[in-house]
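Working through the structure, step by step
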Amino acid sequence: MAQLAPLFEGSDEIIFAGDIWQEKEHRSERPARMFSELRELVGAQGIFLRGNHDPGMEQGIAWLAGKSVLVTHGDAVFRDATPWSREMSHHRKAVEEIVSRYDGEDAQACSDRARDIALTIKPLPLPKLPVPFNFLATALWPPSRTLEMFRVWSTMGEECLRFLERVSPESRVVICGHFHRAGSWEREGRVAINTGSFMRTSRPWCVDIDDEWVTAREVTFFDGWKAGKVKGRWIVKES
Ligand SMILES: [Mn+2]
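It should be emphasised that the depicted structure is a prediction, and the values quoted were computed from it without experimental measurement.

This next bit is on the pairing of strand β3 (residues 61-64). Remark: a regular strand shows side chains that alternate across the two faces of the sheet. In this sheet, strand β4 (residues 69-72) lies alongside β3 in antiparallel orientation, the contact comprising four bridges. Note on β4: the bridge partner recorded for Ala62 is Val71. The hairpin turn running from β3 into β4, its antiparallel successor, is four residues long, and Ala65 in that turn takes a positive phi close to 50 degrees.

Take a look at the structure:
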(Lines give C-alpha, C1' and ligand atoms only; values in the text may rest on other atoms or scores of the structure.)
Protein backbone atom coordinates (compact mmCIF):
# COMPACT_ATOMS: atom_id res chain seq x y z
CA MET A 1 0.00 0.00 0.00
CA ALA A 2 2.91 2.35 0.77
CA GLN A 3 3.85 2.29 -2.93
CA LEU A 4 0.77 4.46 -3.58
CA ALA A 5 2.06 7.23 -1.30
CA PRO A 6 3.96 9.23 -4.02
CA LEU A 7 0.65 9.68 -5.86
CA PHE A 8 -0.84 11.55 -2.93
CA GLU A 9 2.10 13.82 -2.08
CA GLY A 10 1.23 17.48 -1.66
CA SER A 11 -2.55 16.87 -1.62
CA ASP A 12 -4.92 18.39 0.92
CA GLU A 13 -7.75 16.07 -0.02
CA ILE A 14 -7.66 12.79 -1.89
CA ILE A 15 -10.92 11.73 -3.54
CA PHE A 16 -11.47 8.13 -4.61
CA ALA A 17 -14.25 7.86 -7.17
CA GLY A 18 -15.78 4.55 -6.06
CA ASP A 19 -15.26 0.83 -6.75
CA ILE A 20 -12.31 0.81 -4.40
CA TRP A 21 -13.11 -2.73 -3.34
CA GLN A 22 -15.65 -5.50 -3.76
CA GLU A 23 -17.84 -4.81 -0.78
CA LYS A 24 -20.69 -7.04 -1.90
CA GLU A 25 -20.29 -10.79 -1.44
CA HIS A 26 -16.51 -10.78 -1.53
CA ARG A 27 -14.85 -14.17 -1.45
CA SER A 28 -11.89 -13.43 0.82
CA GLU A 29 -10.89 -11.05 3.58
CA ARG A 30 -8.03 -9.58 1.55
CA PRO A 31 -10.00 -6.76 -0.16
CA ALA A 32 -11.41 -5.53 3.16
CA ARG A 33 -7.94 -5.60 4.69
CA MET A 34 -6.41 -3.71 1.75
CA PHE A 35 -9.19 -1.14 1.91
CA SER A 36 -8.56 -0.51 5.59
CA GLU A 37 -4.82 -0.17 4.87
CA LEU A 38 -5.63 2.41 2.21
CA ARG A 39 -7.85 4.33 4.62
CA GLU A 40 -5.03 4.30 7.13
CA LEU A 41 -2.52 5.54 4.54
CA VAL A 42 -4.58 8.56 3.48
CA GLY A 43 -6.03 9.26 6.93
CA ALA A 44 -8.37 12.23 7.28
CA GLN A 45 -7.41 13.49 3.79
CA GLY A 46 -9.24 10.60 2.14
CA ILE A 47 -12.74 11.00 0.74
CA PHE A 48 -14.19 7.71 -0.44
CA LEU A 49 -17.13 7.93 -2.81
CA ARG A 50 -19.26 4.87 -3.31
CA GLY A 51 -19.39 2.85 -6.52
CA ASN A 52 -21.56 -0.05 -7.66
CA HIS A 53 -19.10 -2.51 -6.10
CA ASP A 54 -19.02 -0.64 -2.78
CA PRO A 55 -22.49 0.94 -2.53
CA GLY A 56 -22.48 0.98 1.27
CA MET A 57 -20.25 4.03 1.47
CA GLU A 58 -22.13 7.12 2.51
CA GLN A 59 -20.99 9.77 0.05
CA GLY A 60 -21.90 9.48 -3.63
CA ILE A 61 -20.80 12.82 -5.05
CA ALA A 62 -18.22 15.52 -4.29
CA TRP A 63 -18.23 19.14 -5.47
CA LEU A 64 -15.00 21.11 -5.82
CA ALA A 65 -14.20 24.75 -6.55
CA GLY A 66 -17.73 25.80 -5.63
CA LYS A 67 -19.81 23.77 -8.04
CA SER A 68 -17.35 23.91 -10.92
CA VAL A 69 -16.13 20.33 -10.60
CA LEU A 70 -18.29 17.28 -9.91
CA VAL A 71 -16.70 13.97 -8.91
CA THR A 72 -18.81 10.82 -8.88
CA HIS A 73 -18.30 7.15 -9.63
CA GLY A 74 -20.10 7.17 -12.99
CA ASP A 75 -23.03 4.81 -12.48
CA ALA A 76 -25.18 7.89 -11.80
CA VAL A 77 -24.73 8.83 -15.47
CA PHE A 78 -27.07 6.08 -16.72
CA ARG A 79 -30.63 5.70 -15.49
CA ASP A 80 -30.01 1.96 -15.10
CA ALA A 81 -26.52 2.51 -13.63
CA THR A 82 -24.62 -0.36 -15.25
CA PRO A 83 -26.59 -1.21 -18.41
CA TRP A 84 -24.02 -3.73 -19.60
CA SER A 85 -23.94 -5.76 -16.36
CA ARG A 86 -24.50 -9.50 -16.53
CA GLU A 87 -26.96 -9.29 -13.69
CA MET A 88 -29.15 -6.62 -15.27
CA SER A 89 -31.43 -8.98 -17.21
CA HIS A 90 -32.18 -10.92 -14.00
CA HIS A 91 -33.21 -7.78 -12.12
CA ARG A 92 -34.84 -5.73 -14.87
CA LYS A 93 -38.19 -5.38 -13.05
CA ALA A 94 -36.66 -4.32 -9.73
CA VAL A 95 -34.38 -1.84 -11.52
CA GLU A 96 -37.32 -0.30 -13.41
CA GLU A 97 -39.17 0.06 -10.10
CA ILE A 98 -36.19 1.95 -8.60
CA VAL A 99 -35.84 4.14 -11.69
CA SER A 100 -39.54 5.06 -11.48
CA ARG A 101 -39.06 6.27 -7.90
CA TYR A 102 -36.46 8.84 -8.98
CA ASP A 103 -37.63 11.57 -11.25
CA GLY A 104 -35.04 14.00 -9.88
CA GLU A 105 -32.49 15.29 -12.29
CA ASP A 106 -29.93 16.49 -9.77
CA ALA A 107 -26.60 14.81 -9.18
CA GLN A 108 -27.45 13.57 -5.69
CA ALA A 109 -30.68 11.90 -6.81
CA CYS A 110 -28.89 10.22 -9.75
CA SER A 111 -26.21 8.94 -7.38
CA ASP A 112 -28.77 7.64 -4.90
CA ARG A 113 -30.66 5.89 -7.70
CA ALA A 114 -27.43 4.18 -8.77
CA ARG A 115 -26.78 3.13 -5.18
CA ASP A 116 -30.25 1.60 -4.82
CA ILE A 117 -29.73 -0.34 -8.05
CA ALA A 118 -26.31 -1.58 -6.88
CA LEU A 119 -27.78 -2.72 -3.57
CA THR A 120 -30.55 -4.60 -5.40
CA ILE A 121 -28.40 -6.44 -7.91
CA LYS A 122 -26.85 -9.62 -6.58
CA PRO A 123 -23.60 -10.66 -8.28
CA LEU A 124 -23.94 -13.82 -10.39
CA PRO A 125 -21.19 -16.41 -9.90
CA LEU A 126 -18.60 -16.54 -12.67
CA PRO A 127 -18.54 -19.66 -14.86
CA LYS A 128 -16.21 -22.38 -13.59
CA LEU A 129 -13.30 -21.71 -15.92
CA PRO A 130 -9.71 -20.71 -15.17
CA VAL A 131 -8.85 -16.97 -14.94
CA PRO A 132 -9.06 -15.02 -17.28
CA PHE A 133 -11.34 -17.29 -19.33
CA ASN A 134 -14.12 -16.98 -16.77
CA PHE A 135 -14.19 -13.18 -17.31
CA LEU A 136 -13.79 -13.49 -21.07
CA ALA A 137 -16.67 -15.94 -21.31
CA THR A 138 -18.99 -13.51 -19.51
CA ALA A 139 -17.83 -10.63 -21.73
CA LEU A 140 -18.62 -12.54 -24.93
CA TRP A 141 -21.87 -14.22 -23.96
CA PRO A 142 -24.62 -13.38 -24.60
CA PRO A 143 -23.58 -11.36 -27.69
CA SER A 144 -26.13 -8.66 -26.75
CA ARG A 145 -23.98 -7.96 -23.68
CA THR A 146 -20.83 -7.63 -25.79
CA LEU A 147 -22.67 -5.14 -28.02
CA GLU A 148 -23.95 -3.19 -25.02
CA MET A 149 -20.43 -2.97 -23.58
CA PHE A 150 -19.14 -1.70 -26.91
CA ARG A 151 -21.97 0.84 -27.18
CA VAL A 152 -21.26 2.24 -23.71
CA TRP A 153 -17.50 2.15 -24.30
CA SER A 154 -17.79 4.25 -27.43
CA THR A 155 -20.41 6.75 -26.20
CA MET A 156 -19.61 7.21 -22.52
CA GLY A 157 -17.65 10.46 -22.92
CA GLU A 158 -20.66 12.07 -24.62
CA GLU A 159 -23.00 10.53 -22.03
CA CYS A 160 -20.98 12.07 -19.19
CA LEU A 161 -21.09 15.51 -20.85
CA ARG A 162 -24.86 15.21 -21.33
CA PHE A 163 -25.20 14.13 -17.69
CA LEU A 164 -23.30 17.19 -16.44
CA GLU A 165 -25.36 19.50 -18.63
CA ARG A 166 -28.58 17.94 -17.29
CA VAL A 167 -27.81 17.78 -13.57
CA SER A 168 -25.64 20.86 -13.17
CA PRO A 169 -25.56 23.17 -16.19
CA GLU A 170 -23.43 25.71 -14.30
CA SER A 171 -20.62 23.18 -13.73
CA ARG A 172 -17.63 22.84 -15.99
CA VAL A 173 -15.96 19.52 -15.22
CA VAL A 174 -17.20 16.03 -14.35
CA ILE A 175 -14.71 13.39 -13.21
CA CYS A 176 -15.63 9.73 -12.94
CA GLY A 177 -14.46 6.16 -13.39
CA HIS A 178 -16.78 3.13 -13.78
CA PHE A 179 -16.26 2.71 -17.54
CA HIS A 180 -12.65 1.43 -17.52
CA ARG A 181 -11.62 3.78 -20.28
CA ALA A 182 -9.35 6.68 -19.33
CA GLY A 183 -9.82 9.79 -21.42
CA SER A 184 -11.20 13.30 -21.70
CA TRP A 185 -14.06 14.63 -23.78
CA GLU A 186 -14.95 18.27 -24.37
CA ARG A 187 -18.00 20.09 -25.65
CA GLU A 188 -19.31 23.62 -25.33
CA GLY A 189 -16.92 24.60 -22.55
CA ARG A 190 -17.55 21.44 -20.52
CA VAL A 191 -15.15 18.59 -19.99
CA ALA A 192 -15.68 15.00 -18.88
CA ILE A 193 -12.65 13.16 -17.52
CA ASN A 194 -12.56 9.43 -16.92
CA THR A 195 -9.74 8.05 -14.81
CA GLY A 196 -10.16 4.56 -16.28
CA SER A 197 -9.39 1.44 -14.32
CA PHE A 198 -6.65 0.66 -11.84
CA MET A 199 -6.78 -3.03 -12.71
CA ARG A 200 -3.74 -4.82 -14.07
CA THR A 201 -2.93 -4.06 -17.74
CA SER A 202 -4.87 -0.76 -17.54
CA ARG A 203 -3.48 2.75 -17.97
CA PRO A 204 -5.33 4.81 -15.40
CA TRP A 205 -5.30 8.58 -14.97
CA CYS A 206 -5.36 10.73 -11.86
CA VAL A 207 -6.55 14.32 -11.70
CA ASP A 208 -5.01 17.22 -9.77
CA ILE A 209 -7.33 20.06 -8.88
CA ASP A 210 -6.22 23.41 -7.49
CA ASP A 211 -7.91 26.80 -7.44
CA GLU A 212 -7.08 27.48 -11.06
CA TRP A 213 -6.44 24.25 -12.93
CA VAL A 214 -7.73 20.75 -13.44
CA THR A 215 -4.82 18.62 -14.64
CA ALA A 216 -5.20 15.02 -15.78
CA ARG A 217 -2.09 12.84 -15.65
CA GLU A 218 -1.30 9.28 -16.56
CA VAL A 219 -0.37 7.10 -13.59
CA THR A 220 2.89 5.24 -14.01
CA PHE A 221 3.87 2.16 -12.02
CA PHE A 222 7.63 2.12 -12.48
CA ASP A 223 9.52 2.49 -9.24
CA GLY A 224 6.42 3.22 -7.15
CA TRP A 225 3.21 4.80 -8.40
CA LYS A 226 3.58 8.31 -9.76
CA ALA A 227 1.55 10.93 -11.55
CA GLY A 228 3.33 11.05 -14.92
CA LYS A 229 2.65 12.60 -18.31
CA VAL A 230 0.04 15.38 -18.47
CA LYS A 231 -2.90 14.22 -20.60
CA GLY A 232 -4.96 17.40 -20.39
CA ARG A 233 -5.25 20.67 -18.55
CA TRP A 234 -8.29 22.90 -18.13
CA ILE A 235 -9.03 26.15 -16.33
CA VAL A 236 -11.42 25.49 -13.44
CA LYS A 237 -13.55 28.57 -14.04
CA GLU A 238 -13.95 30.67 -17.14
CA SER A 239 -13.20 34.27 -16.18
MN1 LIG B 1 -18.34 0.73 -11.36
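A separate point is the packing of aromatic side chains. For any two aromatic rings, the description comes down to two numbers: the centre-to-centre distance and the angle of the planes. This structure, assessed with the given rule, holds eight aromatic pairs. An angle of 90 degrees between the planes, with centres 5.2 Å apart, marks the rings of Phe35 and Phe48 as edge-to-face. Taken together, the positions of Phe35 in helix α2 (residues 30-42) and Phe48 in strand β2 (residues 46-48) put the pair 13 residues apart, joining distant regions of the chain. Residue Phe35 shares its accessibility class with Phe48, and that shared class is buried. When the ring of Phe221 is compared with that of Trp225, the centres are 4.6 Å apart and the planes differ by 90 degrees; the resulting orientation is edge-to-face. Under the relative-accessibility criterion, Phe221 is labelled partly exposed at 35%.

Now for the sheet that holds strand β8 (residues 205-209). Strand order in this open sheet of three strands is β8-β9-β10, and the pairing throughout is antiparallel. In this open sheet, the two strands that pair with only one neighbour each are β8 and β10 (226-235). On average, adjacent strands in this sheet sit at an angle of 30 degrees to one another, irrespective of strand direction. Pairing between β8 and strand β9 (residues 213-220): five bridges, direction antiparallel. Its bridge partner lying in β9, Cys206 is registered against Arg217.

Conventions adopted
- Residues numbered from 1 in each chain as written.
- Predicted model: local features only at pLDDT ≥ 70, side-chain atom pairs only at ≥ 80, totals over all residues.
- Heavy atoms only, no water.
- Pairing = 2+ DSSP bridges.
- Helix = DSSP H or I, 4+ residues; strand = E, 2+ residues; numbered from the N terminus.
- Phe/Tyr/Trp six-rings, centres within 6.5 Å; stacked < 30°, edge-to-face > 60°.
- Buried < 20%, exposed > 50% of the residue type's maximum accessible area, 1.4 Å probe, protein only.
- Axes fitted to C-alpha atoms, helices over the stretch in contact; angles between N-to-C directions.

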